[in-house]
Structure formats: C-alpha cells, structure tokens
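The primary structure of each chain is shown beneath.
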Amino acid sequence: WVAPLSLDSRKGRIGAVALLVFAFVVLFAAVQSLRVLSSDMFVNRAAALYNETQDFSRASASVSTALAIHSKNDRAHRAAVELGLLQLVRLSAAGDASEEARAQLQNTLTSTIQHGVAAVEIEGGDYQNWLSLARLYGELAGAGVEGAVQIARSAYEAARSNNPTNPIPLLGLAQIDLVEANDAAAREHLAAALAIKPDFEAALFLLSQIDARTNNLPAARASAELVVRAAPDDPLGWYNLGTIYYAQKEYENAAASFERAAGIENNYANARFLLSASYAALGRFEDAVVALRAVAALNPDNATL
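Residues numbered from 1 in each chain as written. Predicted model: local features only at pLDDT ≥ 70, side-chain atom pairs only at ≥ 80, totals over all residues. Heavy atoms only, no water.

J.: Tell me what's going on with the packing of helix 5 (residues 127–142) against helix 7 (residues 168–179), and back it up with residues and numbers.
T.: In contact at an axis separation of 10 Å, helix 5 and helix 7 are set at 15 degrees when each is read in the N-to-C sense. Compared by their axis directions, helix 5 and helix 7 come out roughly parallel. You can see that helix 5 and helix 7 cross each other, and the crossing is left-handed. On helix 7, the residues that touch Leu131, Gly138, Ala141 and Gly142 of helix 5 are Ile168, Pro169, Ile176 and Val179. A per-class count over the contact of helix 5 with helix 7 returns six nonpolar, two polar and no charged. (Axes fitted to C-alpha atoms, helices over the stretch in contact; angles between N-to-C directions. Helix = DSSP H or I, 4+ residues; strand = E, 2+ residues; numbered from the N terminus. Parallel < 35°, antiparallel > 145°, perpendicular 65-115°, else oblique. Left-handed = near helix turned anticlockwise from the far one by under 90°. Contact = heavy atoms within 4.5 Å. Nonpolar A, V, L, I, M, F, W, Y, C, P; charged D, E, K, R; others polar.)

This is the structure in structure tokens:
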C-alpha cells in the first residue's frame, strides 16, 4: 500500500499527519521503555551495593535515583521498603534516646510507610507489593504499634487473594496470629501453607516452636527434623532442633545439632552455650569448658559466663 505524503493534496496531508502521529507514539513508547529499564537498573544496583558493602546510604541513593527516573516503579518502592526496614532495625538496636535519633527513626518510619502504600497504589494486582506492605506492618505489630495488626492482616489477605497458590501470605497470617497469642489460628494458617508446600521450612519451624511452647515435644521434634532436612545449611533450624533434643534429654543428638549450628555460624553464642551444657550432661567436661570459653570470648562483658 503506497500513501502519498505530498502536502499538495488532501490525501497526502492526511498521510503525513498519520506518519507523524505514528512516529510520536513509537518515540514516546521507546522513551517510556528506556525510563523503566533505567529505573530497574538502579534498583538492581542498590541491591548489589547493599549485598556487597552493607552501605545503607549508597543503596538508598540508588533507589532514590530509580524513583527520580520513574516515580511509578513499584519495584523501586518495594526496594525502599526493604531498606527502610533494615534502617529501622539498626536505629532501634543502637539504643540512642536523643531527640535527633528519635526524629530520624520517625522520619524513616514515615518514609517507609509511604513507599509501601505507593507500591500497592501503583500496582494493586501484584501480590509482592501487598507482601511488602504486610511485612512492614507485621514488624510494627511485633513492636506493639496500635492498629498495625489489622493493616498487616488485611495486606496479607490481599496478597493471598492475588496469589492463592503462594504459601508466604499464609505464613505471614500465622505470624500475626502469634503476635495476638492465637496459637489455634496460627496452626490453621500454617497447615494451609504446608498443604501448598509440604517442605516449607519457615512454616515447619513456626509449627515446631508452637508445639515446643505447649510441651508437645514429639510433634515439635518431628517438625524440627523436617526443617533441617529441607534447609540443612540454616543454623537456626539446627539450634531449634537441638533445644528440643535437649529438652527431651537426648544429649548426644542435642550436642550433634548444636555442633552443626555452630559449624555453620561460628559466632553463634547461644548454640555454643547449649553445646557446652550438652557436653556437661554427657560428662564431657573438657569439651564443655572449651565450648563455654568460646561463648565467653564472644561475650567478654558477661561475668556469669
């Protein structure tokens, strides 16, 4: 099909205008695609920077650049929420009670909430945005912030609605149940998560914790053994299993579990402390002293050790 572009005829003028409109649409689409691509590149750079250097300020600056390029990038807003959560943990752990520290904590919290809300406003159909918001309010619920439990629960339900075959929202709901000391509801949500993914180690771990707390040690042991089978390189899983063995007075198994935990994470003081106690229960006092000295070296200000 040949279209004349001469401005001398009506047909030619229509063709010229149509070509210009088409060219503008193609150019606009290309620019938008470039913005999205560039913004995502800065998000990736932020993740790489933080993983390599643990430098919050540089990673945060990279996310800010990503949002300056494309303010509607929900992935960049999610990254800002993750960095905000890390910063909140650091500020809280610092224990600085000064007015300046409190103001920084409040500003970080406000900014993190804004990013979480922005992500779900931009793309409410993406379950990851709801999970990011839910995780934020879940942390606030654990800290006792009023109203956080309800918002976290609603966000987890929205994530579950958008992705019903994913067990993570169910795990989050179970965690909220535990914040409210509702073990029965937590069990139901964990059972639903395990029905979707039977080897879901995080759900198995929480289930073993609930059973251990209610002194149902056989059930706690069964779940804890499944955890280390699913995630053999997780020191927390081995520590959890070791505490259950220790409570059942199976000191050989307890010592073996704590040895695995301490072997994976060399500075795991709690694991080494209970390893010392397990050795002592087995009559291996020289080994117990060596393990306890390692704990004392990690905690030089603790006179009890």
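We are not done yet, so read on.
J.: Which residues make up unusual backbone geometry, and what values do they have?
T.: Of note in the backbone geometry, glutamine 54 takes a positive phi value of approximately 55 degrees without being a glycine. Considering the arrangement of structural elements, one finds glutamine 54 in the loop between helix 1 (10–53) and helix 2 (56–69). Residue glutamine 54 is classed as partly exposed on the basis of its relative accessible area, which comes to 41%. The backbone of alanine 181 shows a phi angle near 60 degrees, a positive value even though the residue is not glycine. Mapped onto the elements of the fold, alanine 181 is located in the loop between helix 7 and helix 8 (183–196). (Buried < 20%, exposed > 50% of the residue type's maximum accessible area, 1.4 Å probe, protein only.)

J.: With reference to specific residues and values, describe the packing of helix 11 (residues 235–247) against helix 12 (residues 251–264).
T.: Contact pair helix 11 / helix 12: the axes reach a minimum separation of 8 Å and the direction vectors enclose 160 degrees. In terms of axis orientation, helix 11 runs roughly antiparallel to helix 12. Between helix 11 and helix 12 lies a crossing of left-handed hand. Each of Pro235, Trp238, Tyr239, Leu241, Gly242, Thr243, Tyr245 and Tyr246 in helix 11 lies in contact with helix 12, whose residues at this interface are Tyr251, Asn253, Ala254, Ser257, Phe258, Arg260, Ala261 and Ile264.

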